[in-house]
Amino acid sequence: MKLLSTIAIGAALMQTVSAHYIWQKVNGGAAYAYFRTNTNYNSPVTDTTSNDLRCNVGGSTGGSTGTLSVTGGTKLTLGLDTAVYHQGPVSFYLGRVPSGQTAGSWDGSGANWFKFDQRGPTFSGGSSTWPMSITYDVTVPNVPAGQWLLRAEQIGIHNPAGLPQFYVGCLQIEVTSGGSCSPSYFSIPGHIKSDDPGITVNIYNNFNSYTFPGPAVGSCSGGNTNPTTTTARTTTTSRPGATTQIPTSRVTTTTTARTTTTTSSGGTGAPLWGQCGGIGWTGPTTCASGRCVATNVYYSQCVS
């Protein structure tokens, strides 16, 4: 009996670990060539006040990590070791390296960060679809030339009664030709509070709109999926069949405080890279485009 209990516990732990993921690649290259390495394997950060929230556990400096040269307006494909498994928002930040430091030496402290892109749920037919993928395309804003940290953040909010799970990674870049973009900067940690509605929301009960956690997307030209203007809040409304990446032409701006997405009813299946099946899944089981492929018994995804 004791042996069976041990086996059961071990199996549960394996399932938990396999459901985690790590930011580690850019443009399909080698793991950790430009992303800082972490020391907690694929475990998330769960403390919103921890300095580990900047670049993950063990990622306070770059060590031997390289720094990727880019120009403002460059599209980058950021990759994980496995597809995002837990529902929750995906956000992308830039941190400006202070004078006298490098992308490899800066620990991410100080009010030097801003959010430049974010991805959230779409709603259709009474269900929600989150942008869960193994890669995400982002466009580097036209920030001033210099060294920066590009921070990727996915937050698992799949357990309303538990702690949110922050999956973060920092890519070291040098912008060799940029612009004069000057957004409002803030510090990490501190950008998201433990009682932020974007991480305490119950996504399984009457879930038909969503407010992104943390600051609004900064006013910067580049790859802002849900861009803001000089006002603070952007409300987006998706049409039936819309993908999880909401076109700028369908964004209307109001003058309230944060970013919310809502959609109308209808739809013909999950969008490309959206979830389409798995144990406990109550959303669409067909794909608007592509085909539904099972990653494991708990998660299937629409792929091209």
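Calculation rules
- Residues numbered from 1 in each chain as written.
- Predicted model: local features only at pLDDT ≥ 70, side-chain atom pairs only at ≥ 80, totals over all residues.
- Heavy atoms only, no water.
- Phe/Tyr/Trp six-rings, centres within 6.5 Å; stacked < 30°, edge-to-face > 60°.
- Helix = DSSP H or I, 4+ residues; strand = E, 2+ residues; numbered from the N terminus.
- Buried < 20%, exposed > 50% of the residue type's maximum accessible area, 1.4 Å probe, protein only.
- Contact = heavy atoms within 4.5 Å.
- Pairing = 2+ DSSP bridges.
- pLDDT = per-residue confidence, 0-100.
- Axes fitted to C-alpha atoms, helices over the stretch in contact; angles between N-to-C directions.
- Salt bridge = Lys/Arg side-chain N within 4 Å of Asp/Glu carboxyl O.
- Core = buried A, V, L, I, M, F, W, Y, C linked by side-chain atoms within 4.5 Å.
- Disulfide = S-S within 2.5 Å.

Asker: Give me the packing of aromatic side chains: which residues, what numbers.
Answerer: Under the definition given, this model contains 14 aromatic pairs. Here the aromatic rings of Trp130 and Tyr210 are separated by 5.2 Å at their centres, their planes lie at 80°, and the arrangement is edge-to-face. Of this pair, Trp130 sits in the loop between β7 (127-129) and β8 (135-139) while Tyr210 is found in strand β11 (residues 210-211), placing the two residues 80 residues apart along the sequence. With a relative accessible area of 1%, Tyr210 lands in the buried category. Where Tyr210 meets Phe212, the ring centres are 5.5 Å apart and the plane angle is 75°; that geometry is what we call edge-to-face. An aromatic cluster of three or more residues is present, and its members are Phe123, Trp130, Phe207, Tyr210 and Phe212.

Asker: Residue-level account of the side chain of Ser128, with values.
Answerer: Among the secondary structure elements, Ser128 is positioned in strand β7. When near neighbours in sequence (up to four residues on either side) are disregarded, Ser128 contacts Thr122, Phe123, Phe207 and Trp281.

Asker: Requested: an account of the pairing of strand β9 (residues 146-156), with residues and values cited.
Answerer: Burial analysis of β9 places nine of its eleven residues in the buried class, the great majority of the element. The pairing of strand β4 (residues 90-96) with β9 spans seven bridges and is antiparallel. Directly across from Val90, in β9, lies its bridge partner Gln154. As defined by bridge partners, β9 adjoins strand β10 (residues 165-177) across eleven bridges and the pair is classed as antiparallel. Paired with Trp148 across the strands is Ile173, a residue of β10.

Asker: Could you give an account of the confidence of the model for the protein, naming the residues involved and the relevant values?
Answerer: Do not read the predicted coordinates in detail wherever pLDDT is low. Scored by pLDDT, the protein comes out at a mean of 80, with 76% of its residues at no less than 70. Low confidence marks residues 1-18, where pLDDT is under 50. Its contacts with residues over four positions away, or in another chain, come to three contacts. Low pLDDT (under 50) marks residues 223-267, which in the prediction has 117 contacts with non-local residues, meaning those over four places away or in another chain.

Asker: Could you give an account of the sheet that holds β4, naming the residues involved and the relevant values?
Answerer: Taking strand neighbours across the sheet as the criterion, the five strands line up as β2-β10-β9-β4-β5 in an open arrangement whose pairing is mixed. What marks the edges here is a single partner per strand, and that holds for β2 (68-71) and β5 (113-119). Between one strand axis and the next, the sheet turns by 35° as a mean value, whatever way the strands run.

Asker: Please set out the pattern of salt bridges residue by residue, giving values where relevant.
Answerer: Enumeration according to the criterion identifies three salt bridges in this entry. Notably, a salt bridge pairs Lys75 with Asp137, separated by 3.8 Å at the nearest N-O pair. Taken together, the residues span a long stretch of sequence, with Lys75 in strand β3 (residues 75-80) and Asp137 in strand β8 at a distance of 62 residues. In this structure, Asp117 engages Arg119 in a salt bridge whose closest nitrogen and oxygen atoms are separated by 2.9 Å. Classification of Arg119 by relative accessible area gives buried; the value is 6%.

Asker: Now, about the nonpolar core: what can you tell me, with residues and values included?
Answerer: Among the nonpolar cores identified, the biggest contains 55 residues, and Trp23, Leu76, Leu78, Phe92 and Ile173 are the most heavily contacted of them. A per-element tally of this core places β10 first, with seven residues.

Asker: So, the sheet that holds β8: which residues are in play, and what are the values?
Answerer: If you walk across this open sheet you meet the three strands as β1-β3-β8, and the pairing is antiparallel. Lying at the two open borders of the sheet, with one neighbouring strand each, are β1 (23-26) and β8. Here the average twist between neighbouring strands, direction ignored, is 30°. Here β3 pairs with β8 via five bridges, running antiparallel. Within the sheet, the bridge partner assigned to Thr77 lies in β8 and is Asp137.

Asker: Hey, could you go over the environment of Gly95 for me, with residue numbers and the actual values?
Answerer: Secondary-structure assignment places Gly95 in strand β4. Relative accessible area serves as the criterion here: at 0%, Gly95 is assigned to the buried category. With 92 residues separating them along the chain, Gly95 and Ser187 place their C-alpha atoms 9.2 Å apart. Once you skip the residues sitting within four places of it in the chain, Gly95 turns out to touch Trp106, Asn112, Trp113, Gln147, Trp148 and Leu149.

Asker: How would you summarise the state of the cysteines if you had to cite specific residues and measurements?
Answerer: Using the criterion set out here, one finds one disulfide in the structure. What pairs with Cys55 in a disulfide is Cys170, and their sulfur atoms sit 2.0 Å apart. When the S-S torsion is -80°, as for the bridge of Cys55 with Cys170, the disulfide is left-handed. Placement of the pair is Cys55 in helix α2 (residues 52-55) and Cys170 in strand β10, with a sequence separation of 115 residues.

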